[in-house]
Amino acid sequence: VTRDPLDWLLPLLAIPSISADPARAGDVRAAAELLLELCRTGGLRNVRLLEAPGAHPSVYADWLDVPGRPTVLLYGHYDVQPVIDQSSWSSPAFTPVVRGEAVFGRGASDMKGPLISMLVALESMLAEGPLPVNVKVLLEGEEEIFSPRLRAILQRHRELLRCDMAVSADGSQPLAGTPRVMLGTRGLCDLELIVRGARTDTHSGQYGGAVPNPPQILAELVASMHDADGTVLVDGFYDAVRVPSAVERAQLAPSGWEPLAEAASLELDGFAGDPEWTPWERTTLRPTLELNAIHSGYAADRLMTAIPALAHARISCRLVPGQHPEHVLAAIAAHVRRVAPPLVQIECRPGFASTPAYRTTRQHPASRAVAQVLTELYGREPLDNVDGGTIAALTLIEDELGVETATLGFAGDDENAHGADEFHRVASLARGRAAYRLLLDRLAG
Ligand SMILES: [Zn+2]
């Protein structure tokens, strides 16, 4: 009786719900409205958009017919990353197509596919009878822009969203080997660094040697932030870091993760960073300070003998438990003030993201249920895992609703999320649906 997940997924993938592009706000809303329709026809109730000033809407739906049973908030996001270079795609990013065993399209893996798996699980269970637990669905439209207004939405609708625990479908599983229970993510904060010299660009023949050079100064500022091993030299950066114990390190070490093979897949001879930590630990358990962009002057097709008046850099930090985004940004600003040379103006502008790291435990009822589901699906006990990325919703849900969030999602790490030719395995849609059916049963137990 119930529909093929692709019947839901293909029309959703055709809508370019790019939250970062103001010109696409109408498309983001159209995707939200399609999801409202899918929730309604799938048997959910009280279906509505949750709004906050300036925010792309969140989609809400619920089914609350088993009083006395737990209420589970199911989280996903329906916005997608921009398509920077359509020419590097094999087919148009917003013309979804099934090729072989996979569905291709922007957002297929991150995370319209996993989100649809969750919704079709609810539909198929509701077609058979009552759900084993109460369910509230929350589908965000701003995850890919660091959830700037999710807190406002959660605050405005705190009563409506009240729940006992939450599960996010925004997650992945290894392609082979032992499944993983995701117990945490790194946080994120960012800033823009601007160096201003003379009032305008100046002729390097007329003024060179006597006016300050903003790109040179910016390069020196950025270079002063690390030593040769990649250790961050900003005073206070590591102060609050909770260092994982040897036991935690052993527990989280991924089995079968081959650093050299991984590096080779990136056409690298090895990995950079502090040799006291394994490459995997550097990407998950340790904080980073990364230069993401640097820009100054004219570099296109000829030599322009000018001294640029301006230089910009964008820096972001992945944070670990203990670190606070505002303290880290303040430490970087203090470092810049300390090492800044005279004659230029330097500005540290807070950026877009401000999310601390997130942790939950294997003992939490939602993570326990996720572990049981993975054991049933894979025929073996899952290992613990933490992720190097950031999902602001996990922290915001804990702050505003007071509940922890477990993760159950079946994106593959090779599915080109955020890249060209993004895809999601059709088999993972079915696996996700089966997993969410099992999950609701286990949560009732
Ligand atoms: Zn994403």
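Above this text sits the structure in question.
Only a predicted model underlies this, so the values are computations on that prediction, with no experimental measurement involved.

> I tried to follow the sheet that holds strand β4 (residues 97–99) on my own but got confused; where do I start?
Two strands in a sheet stick together by hydrogen bonds in their backbones, pointing the same way (parallel) or opposite ways (antiparallel). Read across the open sheet, the three strands follow the order β4-β5-β18; overall the sheet is antiparallel. Two strands close off the open sheet at either side, each with one partner strand: β4 and β18 (423–425). Going across the sheet, the axis of each strand differs from the next one's by a mean of 30°, ignoring polarity. Judged from the three bridges that link them, β4 and strand β5 (residues 102–104) form a sheet pairing that is antiparallel. Within β5, the residue paired with Val97 across the bridge is Phe104. Strand contacts of helix α13 (residues 426–444): β4, β5 and β18, with the helix running at about 60° to β18, the strand carrying the most contacts.

> Just to check I follow, could you spell out the coordination of the zinc ion for this structure?
Six octahedral donors around a metal ideally make angles of 90 or 180 degrees; four tetrahedral donors ideally make 109.5 degrees. The coordination sphere of the zinc ion, as far as protein atoms go, consists of Asp110 (OD), Glu144 (OE), Glu144 (OE) and His418 (NE2), spread over 1.8 to 2.6 Å. When the donor residues of the zinc ion are listed from N- to C-terminus, their spacing reads D-x33-E-x273-H. With a gap of 308 residues between them, Asp110 in helix α3 (residues 108–128) and His418 in the loop between β17 (405–407) and β18 connect regions that are remote in the sequence. Residue classification places Asp110 among the buried residues on the basis of a relative accessible area of 11%. On the basis of relative accessibility, which here comes to 44%, the residue His418 falls in the partly exposed class.

> Mind showing me how you'd approach α3 here?
At 3.6 residues per turn, the α-helix brings residues three or four places apart onto the same side. With 21 residues, α3 extends 28 Å from end C-alpha to end C-alpha; this agrees with the ideal 30 Å at 1.5 Å per step. Taking burial as the measure, the 21 residues of α3 include 19 buried ones, the bulk of the element.

> For this particular structure, what's the right way to read the layout of surface pockets?
If a probe as big as a water molecule is rolled over the atoms, it shows which places are left empty. The volume enclosed by the second largest pocket comes to roughly 470 Å³. What lines the second largest pocket is a set of 22 residues, among which Ala272, Gly273, Arg282, Thr288 and Glu290 lie closest to the centre. A per-class count over the lining of the second largest pocket returns nine nonpolar, six polar and seven charged.

> Would you explain the packing of helix α11 (residues 365–378) against α13 in this entry?
Each pair of packed helices can be described by the angle between their axes along with the distance between the axes. Viewed as axis vectors pointing N to C, α11 and α13 meet at an angle of 130°, and their least axial separation amounts to 9 Å. Overall, the two elements α11 and α13 adopt an arrangement that is oblique. The interaxial crossing formed by α11 with α13 has right-handed handedness. Of the residues in α13, those in contact with Pro365, Ala366, Ala369, Val370, Gln372, Val373, Glu376, Leu377 and Tyr378 of α11 are Arg431, Ala434, Ala435, Leu438, Leu439, Arg442 and Leu443.

Criteria and cut-off values
- Residues numbered from 1 in each chain as written.
- Predicted model: local features only at pLDDT ≥ 70, side-chain atom pairs only at ≥ 80, totals over all residues.
- Heavy atoms only, no water.
- Pairing = 2+ DSSP bridges.
- Helix = DSSP H or I, 4+ residues; strand = E, 2+ residues; numbered from the N terminus.
- Axes fitted to C-alpha atoms, helices over the stretch in contact; angles between N-to-C directions.
- Contact = heavy atoms within 4.5 Å.
- Donors = N, O, S within 2.8 Å, 3.2 Å for Na, K, Ca; no water.
- Buried < 20%, exposed > 50% of the residue type's maximum accessible area, 1.4 Å probe, protein only.
- Expected span 1.5 Å × (residues − 1).
- 1 Å grid on protein atoms, 1.4 Å probe; cavity = no way out; pocket = protein on both sides within 12 Å on 5 of 7 lines; lining within 4 Å.
- Points joined across faces, edges and corners; volume = space filled by probe spheres on them.
- Nonpolar A, V, L, I, M, F, W, Y, C, P; charged D, E, K, R; others polar.
- Parallel < 35°, antiparallel > 145°, perpendicular 65-115°, else oblique.
- Left-handed = near helix turned anticlockwise from the far one by under 90°.

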